[in-house]
Amino acid sequence: ANSFKRAGYKFVGWNTKADGSGKAYKNKAKVKNLVKANKTVKLHAQWRKSTMRELNVGTAYKKFDITGDGVADKIVVKGTVPESADAGPGYYRSLKVFVNGKKMLTTQDSGFSFGVYPQVKLVNLASGVPLLYVHYSTSNGYYVGGWLYRCSAKAMKKIFDTTTITSAYAKQYSGAYRVYEAFDSVSLNDLTFKAGSYTTSPVTYIYRYKGGKLVAK
């Protein structure tokens with residue numbers, strides 16, 4: 001049984017190779033004939049850390065598991081081109097996310113004819129849960145919207161709307177002007193968001209993924 005701890009990581013089992021490429025064993029698993037008589041075997045603790053990586057619009061990703069079944073998926077994010085010729089490169093009205101060739105998500109129209117800059121991030125919690133974060137912002141700093149999704153093989157389910165954060169911030173700081181929000185970091189099952197404005201400093205909001213949704217800590 002494992003009695004070790006590692007800050008910022010979740011213990012996920014044992015392996016005969018340090019890099020996880022050998023034979024894997026679950027914690028407290030009952031095994032037979034692990035080693036030959038009078039021989040010893042060294043088992044290496046395996047750890048998993050929460051990660052967050054940005055997915056570029058138009059790029060096909062084939063190494064990430066977004067559905068949580070342990071198998072790599074093909075992920076492609078496509079953008080709807082803005083109507084205005086004044087929009088710069090990389091600006092879109094809405095996004096479509098395809099997983100293994102199936103359209104899983106179409107974000108709501110931003111309402112901006114000149115387009116908005118999308119930020120799409122794949123979040124893998126240390127517990128093994130994959131999430132997809134979509135955020136919009138304009139070139140002049142306006143907050144447009146942000147959503148967090150849980151993806152299965154069949155559907156993409158919205159579990160969090162970041163207007164919850166900006167609304168709480170605006171209520172607390174009634175004089176705030178141009179409220180914005182940013183997904184700052186992720187640690188184990190905790191996700192950190194920051195909300196601010198052009199008149200006040202950012203405030204940190206921490207949420208924990210629990211029971212299929214985000215819960216404020």
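Here the structure is a predicted model, which means the values were calculated and not measured.

A. Up close: the sheet that holds strand β3 (residues 44–48). Spatial strand order, β2-β1-β3: three strands in an open sheet with antiparallel pairing. On the outer flanks of this sheet lie β2 (24–25) and β3, each paired with one strand and no other. Note that strand β1 (residues 10–15) and β2 share two bridges and pair antiparallel. The partner of Trp 14 across the bridge, within β2, is Tyr 25.

B. Examining helix α1 (residues 163–172) more closely. If you check which residues of α1 are buried, you get Ile 165, Thr 166 and Tyr 169. One face of α1 carries all of its buried residues, which in axial projection span an arc of 95°.

C. Main features of the pairing of strand β10 (residues 130–137). Most of β10 sits inside the fold, with seven of its eight residues counted as buried. Adjacent in sequence and paired antiparallel, strand β9 (residues 117–124) and β10 are bridged by five residues, among which Gly 128 carries a positive phi angle near 100°.

D. Looking closely at the packing of aromatic side chains. For the coordinates displayed, the defined rule picks out twelve aromatic pairs. Measuring from centroid to centroid gives 5.2 Å for Phe 11 and Trp 14, while their planes differ by 65°, and the two rings are edge-to-face. Accessibility assignment for this pair places Phe 11 and Trp 14 in one class, buried. We classify Phe 11 as buried; its relative accessible area is 17%. Taken together, Tyr 133, Phe 160, Phe 183, Phe 193 and Tyr 207 form an aromatic cluster joined through their ring pairs. Over the face of the ring belonging to Tyr 9 we find Arg 6, whose NZ or CZ atom lies 3.8 Å from the ring centre. Above the face of the Phe 98 ring, Lys 78 is positioned so that its terminal group lies 4.8 Å from the ring centre.

Parameters and conventions
- Residues numbered from 1 in each chain as written.
- Predicted model: local features only at pLDDT ≥ 70, side-chain atom pairs only at ≥ 80, totals over all residues.
- Heavy atoms only, no water.
- Pairing = 2+ DSSP bridges.
- Helix = DSSP H or I, 4+ residues; strand = E, 2+ residues; numbered from the N terminus.
- Buried < 20%, exposed > 50% of the residue type's maximum accessible area, 1.4 Å probe, protein only.
- Arc of directions from axis to C-beta.
- Phe/Tyr/Trp six-rings, centres within 6.5 Å; stacked < 30°, edge-to-face > 60°.
- Lys NZ or Arg CZ within 6 Å of the ring centre and 35° of its normal.

All quantities given are derived from atomic positions and should not be read as evidence of function.
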